[in-house]
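Examining the three-dimensional arrangement
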Amino acid sequence: MQIHGFNKTTLLDYPGLVAATIFTGACNFRCPYCHNADLVLNPSSQPIIPEEEILSHLRKRKGITQGVCITGGEPTLQKDLKDFIKKLKELDLKVKLDSNGYKPEVLKDLVKDNLLDYIAMDVKAPLDEYDVIAGVKLDTSKLKESIDFLIAGDLPFEFRTTVIKDFHTRESFEKISELIKGAKNYYLQGYIDSPNVIQPGLTSYTYEEMQEFLPIFEGKVEHVEIRGVE
Ligand code: SF4
């Protein structure tokens, strides 16, 4: 595993659990608002944290750390992701995977083998606007496959959208609400601009403005919430 970051304790990254977070390198998207630009654009410049160092820490914390969140970059690009998760499972840890959903075959394989306990998948935009917000040309049928797979399955999951004023309109959310119809949990995440993102200078909606999008999801998604902005 190409692991470049390890946060030993978080109460935020894994809903309801004391968890650790692992940051993998590389991504197949180039979202302009990405806060992990170094991991995405130049992962080889980042120091690697040996897998054994992380596993040894988690062994010592057995009974205290309840889960591990694997994020990135895009973790599904890691060839040995499955083997690594098996090692976490041997430590009785719950595993949450953060993914952009562009590798449905990887998600399906991990779920089939009961290796995941929670998936957080980005739904960045309506499918017809996805290329702009992902910063690359995409085959959006792969995203749709992941979305439909999660909605039809039993595994706890959430969809989330980082909301950018320059990209997202009321119409975007109307289309997203149709795309994720039947999902249990959806989060609208506030965006905070920073010089460290891939394309600085993007703008955000206020909390009040974001609240106006919530009724669009009524009757389509069970629970919709705004997070990361007040
Ligand atoms: S998918 Fe995630 S990690 Fe990859 S570029 Fe977009 S925001 Fe960054």
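The structure this text deals with has already been given above.
Attention here is on the structure that accompanies the text. Remember, it's a predicted structure, so these values are computed and weren't measured experimentally. (Residues numbered from 1 in each chain as written. Predicted model: local features only at pLDDT ≥ 70, side-chain atom pairs only at ≥ 80, totals over all residues. Heavy atoms only, no water.)

Side note on the overall build of the chain
- The number of helices and strands found in the chain is eight helices and eight strands.
- For the chain, the C-alpha radius of gyration of 17 Å lies close to 17 Å, the compact-globule estimate for 230 residues.
- Counting only C-alpha atoms and orienting by the principal axes, one finds that the chain spans roughly 50 × 40 × 35 Å.
- Residue burial in the chain is summarised as follows: out of 230 residues, 48% are buried.
- Within the chain, contacts between residues separated by at least 24 positions form 72% of all contacts whose residues are at least 6 apart in sequence.
- Positive and negative side-chain charges of the chain, numbering 28 and 36 respectively, have mean locations separated by a distance of 5 Å. (Helix = DSSP H or I, 4+ residues; strand = E, 2+ residues; numbered from the N terminus. Rg over C-alpha atoms; globule rule 2.2 N^0.38 Å. Buried < 20%, exposed > 50% of the residue type's maximum accessible area, 1.4 Å probe, protein only. Contact = heavy atoms within 4.5 Å. Lys, Arg positive; Asp, Glu negative; His and termini not counted. Charge placed at Lys NZ, Arg CZ, Asp CG, Glu CD.)

As for the site of the ligand
- Taken together, C27, F29, C31, C34, V40, G73, N100 and K124 are the residues near the ligand.
- Within the shell around the ligand, the residues separate by chemical class into five nonpolar, two polar and one charged. (Near = heavy atom within 4 Å. Nonpolar A, V, L, I, M, F, W, Y, C, P; charged D, E, K, R; others polar.)

Overview of helix α6 (residues 140-152)
- Compared with an ideal rise of 1.5 Å per residue, which puts 13 residues at 18 Å, α6 spans 18 Å between its outermost C-alpha atoms and is within 8% of the ideal.
- Of all the positions in α6, only L143, S146, I147 and L150 are classed as buried. Buried residues of α6 fall within an arc of 95° about the axis and therefore sit on the same side.
- Packing partners of the buried residues in α6 comprise α4 (104-112), β5 (118-122), α5 (130-134), β6 (157-162) and α7 (170-179). (Expected span 1.5 Å × (residues − 1). Arc of directions from axis to C-beta.)

Re the pattern of salt bridges
- Applying the stated criterion across every chain yields a total of 23 salt bridges.
- The residue E52 makes a salt bridge to R59 at a minimum N-O spacing of 2.9 Å.
- Residue class for E52 comes out partly exposed when judged on its relative accessible area of 45%.
- Notably, a salt bridge pairs K137 with D131, separated by 3.1 Å at the nearest N-O pair.
- Taking the relative accessible area as the measure of exposure, K137 reaches 73% and is therefore exposed.
- Owing to a relative accessible area of 24%, D131 belongs among the partly exposed residues under this scheme.
- Look at the salt bridges and you will find they share partners, linking K96, D98, D122, K124, E158, R160 and R227 into a network. (Salt bridge = Lys/Arg side-chain N within 4 Å of Asp/Glu carboxyl O.)

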